[in-house]
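Geometric and topological summary
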Amino acid sequence: MPPVSVDLNADLGEGFGVWTLGDDEAMLDIVTSANVACGFHAGDPAGLLRVCRAAAGRGVRIGAQVSYRDLAGFGRRFIDVDPAELTAEVIYQIGALSALAAAAGTAVSYVKPHGALYNTIVTHEPQARAVAAAVHAVNPALPVLGLAGSVFFEQARGHGLRTVAEAFADRAYRPDGQLVSRREPGAVLHDPAEIAARVLTMITAGRVTAADGTDIAISAESVCVHGDSPGAVRIASAVRDRLVGAGVRPAPFS
C-alpha cells in the first residue's frame, strides 16, 4: 500500500536585493513545506519576511535552510570551518529566521542544511555533530531533514532530534545513495513527466534508478523539488498532480 501522504518541500527565499531567483509565490501554492534561506547562502531580510508571510498565509510549514557563510558561492562550496564556529553560525541562522517567522505570525518548524553543507555532513562527522548540536541548542523539538543513512542523522539521533528522510525529485543519485555532484553531467533532471513518474516510484515502491542504471532503495518522508531549477513550477506541479492521481496526499511531515 502506498503512503497516505508525503511532504513536498522546496528551497525558497533565495533572491537577494534586486536579484530574483525562482517563483516563490507559485511554489508556495504547490509545496507543503518551504526551506527558507537564512541569509548565509542567499536571501535578504525583507525578502525572507515576505516569503514567511506568504507561507503563513497558505499554511505552508517553514524550515530554516542553514548554510555555510558563502553568499558568493551560493553555499555550494565546501568550507573547512571549525566545528564550534559552525555550531554558532547555525544557531545564528535559525535564530534570525525564527524572528522573521514570528513577525509573520508563524514559526520555524524544522531545519534543513543547504548545498555543500548538506552534502558534506553525509560523511563528515565533526561538521555533522556541529550542526546537530546547534539545532539541539536552539530547540530539541525541531526535526531535521537530510539523507537517510547519513552521519548527520546518526549525530542528530544522538542529540535526541527527530530525523526526516528526504528524497530529491530532480537530482540524480549515485549507486551508494548519495547525490551526483552538480559538476557532473546529468546531475539535475529537467523533464516534468519523467521526474513525476520517478517520484511516484520513490514513494510507492521505495526505490530509484541510480545514474549507473541500477535500482537502489530509498526512504522518503519528504520530497524536494528545487525552486531554482529551470521549469521548477512545472516540475513541482507535475509531481504533485502525479502523486494526487495515485492517491498520495501532499501534506507536511510534522
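So, a few notes on the structure that sits alongside this text.

Reading the values: the criteria
Residues numbered from 1 in each chain as written. Predicted model: local features only at pLDDT ≥ 70, side-chain atom pairs only at ≥ 80, totals over all residues. Heavy atoms only, no water. Helix = DSSP H or I, 4+ residues; strand = E, 2+ residues; numbered from the N terminus. Rg over C-alpha atoms; globule rule 2.2 N^0.38 Å. Buried < 20%, exposed > 50% of the residue type's maximum accessible area, 1.4 Å probe, protein only. Contact = heavy atoms within 4.5 Å. Areas by Shrake-Rupley, 256 points an atom, 1.4 Å probe, with all protein chains shown as cover. Lys, Arg positive; Asp, Glu negative; His and termini not counted. Charge placed at Lys NZ, Arg CZ, Asp CG, Glu CD. Pairing = 2+ DSSP bridges. Axes fitted to C-alpha atoms, helices over the stretch in contact; angles between N-to-C directions. Parallel < 35°, antiparallel > 145°, perpendicular 65-115°, else oblique. Left-handed = near helix turned anticlockwise from the far one by under 90°. Expected span 1.5 Å × (residues − 1). Core = buried A, V, L, I, M, F, W, Y, C linked by side-chain atoms within 4.5 Å. Salt bridge = Lys/Arg side-chain N within 4 Å of Asp/Glu carboxyl O. Polar contact = N/O pair within 3.5 Å; in protein donor to acceptor, adjacent residues only side chain to side chain. Disulfide = S-S within 2.5 Å.

The subject of this paragraph is the overall build of the chain. Check the secondary structure of the chain and you find eight helices and ten strands. Taking 254 residues into account, the globule formula puts the C-alpha radius of gyration at 18 Å, and the chain, at 17 Å, falls close to it. Taking the principal axes of the C-alpha coordinates as reference, the chain spans close to 40 × 40 × 35 Å. Buried residues in the chain amount to 53% of all 254 residues. Pairs at least 24 apart in sequence give 73% of the contacts found in the chain among residues at least 6 apart. Surface accessibility of the chain: about 10400 Å² in total, with carbon and sulfur atoms responsible for 54%. Positive and negative side-chain charges of the chain, numbering 21 and 26 respectively, have mean locations separated by a distance of 3 Å.

Our next topic: the pairing of strand E1 (residues 5-12). Extensive coverage of E1 is indicated by the burial of seven of its eight residues. Bridge analysis of E1 against strand E10 (residues 249-250) gives two bridges, and the strand direction is parallel. The partner of Ser5 across the bridge, within E10, is Arg249. Two elements, E1 and strand E9 (residues 222-224), share three bridges in a ladder whose sense is parallel. Paired with Asn9 across the strands is Cys224, a residue of E9. As defined by bridge partners, E1 adjoins strand E2 (residues 33-37) across four bridges and the pair is classed as parallel. What sits directly across from Asn9, in E2, is Ser33.

Their axes nearest at 8 Å, the elements helix H2 (residues 45-58) and helix H3 (residues 83-103) cross at an angle of 50°. It follows from the interaxial angle that H2 and H3 lie oblique. For the pair H2 and H3, the sense of crossing is right-handed. Between H2, through Pro45, Leu48, Leu49 and Cys52, and H3, the contact on the second element is made entirely by Leu97, Leu100, Ala101 and Ala103.

Right, let's get into H2. One turn of an α-helix holds 3.6 residues; hence residues three or four places apart share an orientation. In this model, H2 (14 residues) spans 20 Å end to end at C-alpha, consistent with the 20 Å of a helix rising 1.5 Å per residue. Regarding H2, the residues found buried are Gly47, Leu48, Leu49, Val51, Cys52, Ala54 and Ala55. Packing partners of the buried residues in H2 comprise E1, helix H1 (24-28), E2, strand E3 (61-66) and H3. Looking one or two places after H2, you find Gly59, whose phi comes out positive at around 75°.

In this structure, Leu97, Val239 and Leu243 are the most contacted members of the largest nonpolar core, which totals 68 residues. Those residues within four positions of Leu243 in sequence are excluded, and the remaining contacts are Val6, Leu8, Val199, Leu200, Ile203 and Val248. Among the nonpolar cores identified, the runner-up in size contains 13 residues, and Val122, Ala167, Phe168 and Tyr173 belong to it.

For the rest of this paragraph, the subject is the pattern of salt bridges. Inspection of every chain in the model, using the stated rule, returns eleven salt bridges. With a closest N to O distance of 2.7 Å, Arg69 and Glu89 form a salt bridge. Of this pair, Arg69 sits in the loop between E3 and H3 while Glu89 sits in helix H3, and the two are 20 residues apart along the sequence. Overall, the relative accessible area of 54% leaves Arg69 in the exposed class.

Structurally, Lys112 is set in strand E4 (residues 108-113). A distance of 2.7 Å separates the side chain of Lys112 from the side chain of Glu166, its partner in a polar contact. For Lys112, the contacting residues outside a window of four places in its chain are Asn9, Asp11, Asn35, Ala64, Gln65, Val66, Tyr118, Leu145, Glu166, Phe168 and Cys224.

With respect to the helices and strands, the residue Val108 is situated in strand E4. For Val108 and Leu97, which are eleven residues apart along the polypeptide, the C-alpha to C-alpha distance reads 7.2 Å. Here Val108 is in contact with Ile62, Ala64, Leu97, Ser98, Ala101 and Leu142, once residues within four sequence places are set aside.

Throughout the structure, instances matching the rule amount to zero disulfides. Of the cysteine sulfurs around Cys38, a residue in no disulfide, the closest is that of Cys52, at 8.8 Å. Using a relative accessible area of 9% as the deciding quantity, one classes Cys38 as buried. Under the relative-accessibility criterion, Cys52 is labelled buried at 0%.

Functional significance is not addressed by these values, which are geometric in nature.
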